[in-house]
Amino acid sequence: MNQTENPLCITFITGNQHKVKEAQGIFHQFNIQVEHIDLGYPEIQGELEDVARFGAEYAARRLGRPVIVEDAGLFIKALNWFPGTYSSYVQDTLGNEGILKLMKNVNDRYAEFRSVIGFATPKTEPKTFLGVVGGHIAHQEKGKYGFAYDPIFIPEKYDLTFGELTREKKNEFSHRRRSLERFAPWYKDFLVSEE
Ligand code: IMP
């Protein structure tokens, strides 16, 4: 299904299958279908918003249609909000064990996941939508669900890590839920204004 066959459809550019599955679950509640394309786009170094804006604009022009991309990260207060925009590199190098070592004997374990959706069309300026969920860093990895930092992140009001929550549960209030929840109604209005 693509955007010409079904107007309530959005093309999500990502190489991350976990993100696709989460986004499908969330968009389903807004009656929007997700078409996934693993296009690959240059990831500039910068704030999440800049990366999302640049990626969306690049992909929309390459594909000649509206797209979304997402840039996310884990921001830890006691580490001056590290790894933040370096989250991908840090996950691949230090990994969760490395983060737990950095957090050894640190009392203030506040952290947040941030997700920024970048939307662009070949003709319009890119727009971004931020979603944040607060929580804290666990003392050890826990859980078999989710991906990347999920086993070390305990969302606020929970005793369990994202790795211990099912996708459905994580989708109820995650950073991705919150960014997509802001994007979805805006996108529906946008489609109407384009008619
Ligand atoms: P990306 O650049 O948006 O793909 O994300 C930066 C890093 O954060 C990558 O290592 C991702 O795997 C990780 N990440 C992004 N979203 C999540 C999430 O929802 N849970 C756990 N890790 C995530």
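Just above, that's the structure.
Focus: the nonpolar core
Grouped together as the largest cluster of nonpolar side chains are 18 residues, with contacts concentrated most on I10, F27, I68, F119, F183 and Y187. For this core, the elements supplying multiple residues, two or more each, are β1 (9-13), α1 (17-28), β5 (110-120) and α6 (175-194). At six residues, the largest contribution of residues to this core is made by α6. With 17 residues, the next largest nonpolar core counts I76, I99, M103 and I137 among its residues.

Some points on the pairing of strand β2 (residues 33-37)
With five bridges joining them, β1 and β2 adopt parallel strand pairing. Each residue of the ladder has a partner; that of T11, found in β2, is E35. Handedness of the crossover joining β1 and β2 through α1 is recorded here as right-handed.

Side note on the packing of aromatic side chains
Counted according to the given criterion, the structure contains 17 aromatic pairs. Note on F113 and F162: the rings are 6.0 Å apart at their centroids and 20 degrees apart in plane angle, and the pair reads as stacked. Of this pair, F113 sits in strand β5 while F162 sits in the loop between β7 (153-155) and α5 (167-173), and the two are 49 residues apart along the sequence. Here the two residues F113 and F162 agree in accessibility, since each one is buried. Each member of the aromatic cluster is reached from another via a ring pair, and the members are F27, F119, F129, F183, W186, Y187 and F190. When the ring centre of F75 is taken as reference, the NZ or CZ atom of R114 above it lies at 3.8 Å. Directly above the ring of W81 sits R114, whose terminal nitrogen or CZ lies 5.6 Å from the centroid.

Section: the side chain of S87
Mapped onto the secondary structure, S87 falls in helix α3 (residues 87-93). Assessed through its relative accessible area of 5%, S87 is described here as buried. Polar side-chain contacts of S87 include one of 3.0 Å to the backbone nitrogen of L74. In this view, S87 contacts A72, G73, L74 and Y149; residues no more than four positions away in its chain are not counted.

A short note on the site of the ligand
Looking at the ligand, there are 15 residues lining it, with K19, A72, D150, K170 and R176 nearest. In the complex, the protein chains occlude 91% of the 470 Å² of accessible area that the ligand would expose alone. Mapped onto the shell around the ligand, the elements with two or more residues apiece are β3 (67-76), α3 and α6.

Digging into the pattern of salt bridges
Any two side chains of opposite charge can pair, given that their charged atoms come close. Here the structure, examined in full by the defined rule, presents 13 salt bridges. Of the charged contacts, one joins R176 and E22 as a salt bridge, the two residues approaching to 2.6 Å between their closest N and O atoms. With R176 in helix α6 and E22 in helix α1, this pair connects stretches of sequence that are 154 residues apart. The class of R176 is buried, set by a relative accessible area of 3%. Overlapping salt bridges, with partners in common, bring together K19, E22, E70, D150, K170 and R176 in one network.

Calculation criteria
- Residues numbered from 1 in each chain as written.
- Predicted model: local features only at pLDDT ≥ 70, side-chain atom pairs only at ≥ 80, totals over all residues.
- Heavy atoms only, no water.
- Core = buried A, V, L, I, M, F, W, Y, C linked by side-chain atoms within 4.5 Å.
- Buried < 20%, exposed > 50% of the residue type's maximum accessible area, 1.4 Å probe, protein only.
- Helix = DSSP H or I, 4+ residues; strand = E, 2+ residues; numbered from the N terminus.
- Pairing = 2+ DSSP bridges.
- Right-handed = clockwise from strand over helix to strand, strands pointing away.
- Phe/Tyr/Trp six-rings, centres within 6.5 Å; stacked < 30°, edge-to-face > 60°.
- Lys NZ or Arg CZ within 6 Å of the ring centre and 35° of its normal.
- Polar contact = N/O pair within 3.5 Å; in protein donor to acceptor, adjacent residues only side chain to side chain.
- Contact = heavy atoms within 4.5 Å.
- Near = heavy atom within 4 Å.
- Areas by Shrake-Rupley, 256 points an atom, 1.4 Å probe, with all protein chains shown as cover.
- Salt bridge = Lys/Arg side-chain N within 4 Å of Asp/Glu carboxyl O.

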